[in-house]
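Structure assessment
Take a look at the letters that make up each chain.
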Amino acid sequence: MSHDSPPQPLTAAPGTPLTGRLRPPGDKSISHRAMILGLLSQGETRVEGLLEGDDVLRTAAAAKALGAGVERLGEGRWVVRGVGIGGLTDPAEVLDFGNAGTGSRLMMGVVGGQPVTATFDGDASLRSRPMRRILDPLTRMGAQVLSEAEGGRVPLTLRGLNEAIPITYETPAASAQIKSAVLLAGLNAPGTTTVIEAAATRDHTERMLRLFGAEVRVEPHGPGGHGRKISLTGQPKLRGTDVIVPADPSSAAFPLVAALIVPGSDVVIEGVMMNPLRTGLITTLLEMGAQIERVAEREEGGETVADLRVRMSRLTGVDVPPERAPAMIDEYPVLAVAASFAAGRTRMNGLHELRVKESDRLAAVAAGLAANGVRHSVEGDDLVVEGDGTAAPGGGTVATHLDHRIAMAFLVMGLATKAPVTVDDGAMIATSFPSFLPSMQALGGRIGA
């Protein structure tokens, strides 16, 4: 998908119940990290179930540009031949990350801690997103920002150094991307690099660093032990390994909510990762009265996975606590859709991080709800949705702002509203869920151009 691709409007309409089985694509967070840690390792890293969306393919291309051997062996099957910590080479071209916020921010951590210079760029959405909170700790570790767009945005050029400076860093926000960038830079620092976060965020970087041979210690931190203190011993010798990528819970969220709100639906979603720092949406939906059954629980790639049987449910509004946000930060748009069909008020508290995602997601969700006749309000960083337990009106066109999760969330809404829902562009859905349309259509969903 090029930066100037023509818009591809899509419309979802109510129809028959959703039935059948679906396996969502591989987890995006783990797919990015498999490519990055494969680059920084010695030997081969073999990956099964990689998400082959545009975002991850951009990270794969960047790993190759920095010196790794990257080869696709078949559908979801890849091999990365790493160059080891300190072995990266200056890329000949700009590292174009398209829409990939995670890939670009994590790779800034890599470059900032290595003796290389690289220029980062992306599409209009990525160019609008703040990078200063990634660059601030990296400059404390010795990296130099040679050029940047206004406000610390891409395009920007970053120069690392022979050895990064180990630091102790308290993240200013609950962000796995900030934490991960610092830890990845710390791989080339002598001594210990420590990250302190007030609220625990998704821990794939810590888990995967251990898988590749790094020494990482994680301790509870702060009042009630809700935070984390993560300490990384620098300059390990990472070894290539095998990575099996479980299904992405953030992608599973869309067919899951669709099955809950489309009358008569009964769907099984296969192989979904059940990492407790990623299951905030499921916890919330269960509180709302959702019929979600975990079956065939098992281990895959160091993570617990399960199949989820989901049936149409009568939902009730709830109060979602702000401390749950890190465990479901990508799922609030589709939770807002579920809340539109629930009886009563759903208040989602503490959504500041939604303002710095692929779009200002809080504003985009509110506008989408307004376009489809859903009563709602934004109160500071809180989103309040009022439902009456019946189908939302629908009939609107939603501005996606190049945000794949906004597009998918409101297409899910349109499967159960009284009138069809249109999104102004669905092209960017390929960044995270390339098979979204055929997968939903196979369940019986009426989505098309």
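Residues numbered from 1 in each chain as written. Predicted model: local features only at pLDDT ≥ 70, side-chain atom pairs only at ≥ 80, totals over all residues. Heavy atoms only, no water.

The protein carries the name 3-phosphoshikimate 1-carboxyvinyltransferase in an unreviewed UniProt entry, which gives Methylobacterium pseudosasicola as its organism. On record in UniProt, under Subcellular location (unreviewed entry), the comment for the protein is "Cytoplasm". Under the UniProt heading Sequence similarities (unreviewed entry), the entry covering the protein gives this text: "Belongs to the EPSP synthase family." (UniProt positions renumbered as here; feature names shortened; annotations may be inferred.)

Concerning helix α8 (residues 249-261)
End to end, α8 covers 18 Å across 13 residues, agreeing with the expected 18 Å (1.5 Å per residue, within 8%). Of all 13 residues in α8, 13 are buried, a share of seventy percent or more. Where α8 starts, the residue carrying a side-chain oxygen 2.8 Å from the main-chain nitrogen of S250 turns out to be D248. (Helix = DSSP H or I, 4+ residues; strand = E, 2+ residues; numbered from the N terminus. Expected span 1.5 Å × (residues − 1). Buried < 20%, exposed > 50% of the residue type's maximum accessible area, 1.4 Å probe, protein only. Polar contact = N/O pair within 3.5 Å; in protein donor to acceptor, adjacent residues only side chain to side chain.)

Considerations on the sheet that holds strand β15 (residues 266-273)
Strand-to-strand pairing in sheets goes through backbone hydrogen bonds, with the strands running parallel or antiparallel. Spatial strand order, β2-β15-β17-β16: four strands in an open sheet with mixed pairing. Where the open sheet ends on each side, the last strands, each with one partner, are β2 (19-22) and β16 (291-300). The sheet shows a mean angle of 15° between the axes of neighbouring strands, taken without regard to direction. Where β2 meets β15, four bridges bridge the pair, whose relative direction is parallel. Bridge pairing links T19 to D266 in β15. Sheet strands touched by helix α13 (residues 436-443): β2 and β15. Its angle to β2, the strand with the most contacts, is close to 145°. (Pairing = 2+ DSSP bridges. Axes fitted to C-alpha atoms, helices over the stretch in contact; angles between N-to-C directions. Contact = heavy atoms within 4.5 Å.)

Section: the UniProt feature "binding site: phosphoenolpyruvate" (unreviewed entry) in the protein
Per the UniProt entry, the sites bearing "binding site: phosphoenolpyruvate" (unreviewed entry) are K28, G101, R129, Q177, R361 and R405 in this numbering. With respect to the helices and strands, K28 occurs in helix α1 (residues 28-40). Its relative accessible area of 8% is what places K28 among the buried residues. Along the chain, G101 falls in helix α3 (residues 101-112). Residue G101 is classed as buried on the basis of its relative accessible area, which comes to 4%. Residues contacting G101, with those up to four places away along its chain left out, are L126, R129 and Q177.

Brief notes about the UniProt feature "binding site: 3-phosphoshikimate" (unreviewed entry) in the protein
Per the UniProt record, the feature "binding site: 3-phosphoshikimate" (unreviewed entry) sits at K28, S29, R33, S175, Q177, D330 and K357. Tracing the backbone through its elements, the reader meets R33 in helix α1.

Describing the pattern of salt bridges
In the structure shown here, the tally under the stated rule is 32 salt bridges. Measuring nitrogen to oxygen at the nearest pair gives 3.4 Å for the salt bridge that ties R58 to D96. Of the two residues, R58 is situated in helix α2 (residues 54-65) and D96 in strand β6 (residues 95-96); the sequence distance between them amounts to 38 residues. Across the salt bridge formed by D203 and R207, the nearest N and O atoms sit 3.1 Å from each other. Residues joined by salt bridges that share partners form a network here, namely R202, D330, R361, D403 and R405. (Salt bridge = Lys/Arg side-chain N within 4 Å of Asp/Glu carboxyl O.)

A closer look at the environment of I178
For I178, the location among the structural elements is in helix α6 (residues 176-186). Through-space distance from the C-alpha of I178 to that of L57 is 21 Å; in sequence the pair is 121 residues apart. Not counting residues up to four positions away in its chain, the partners in contact with I178 are R133, I134, Y169, T171 and P172.

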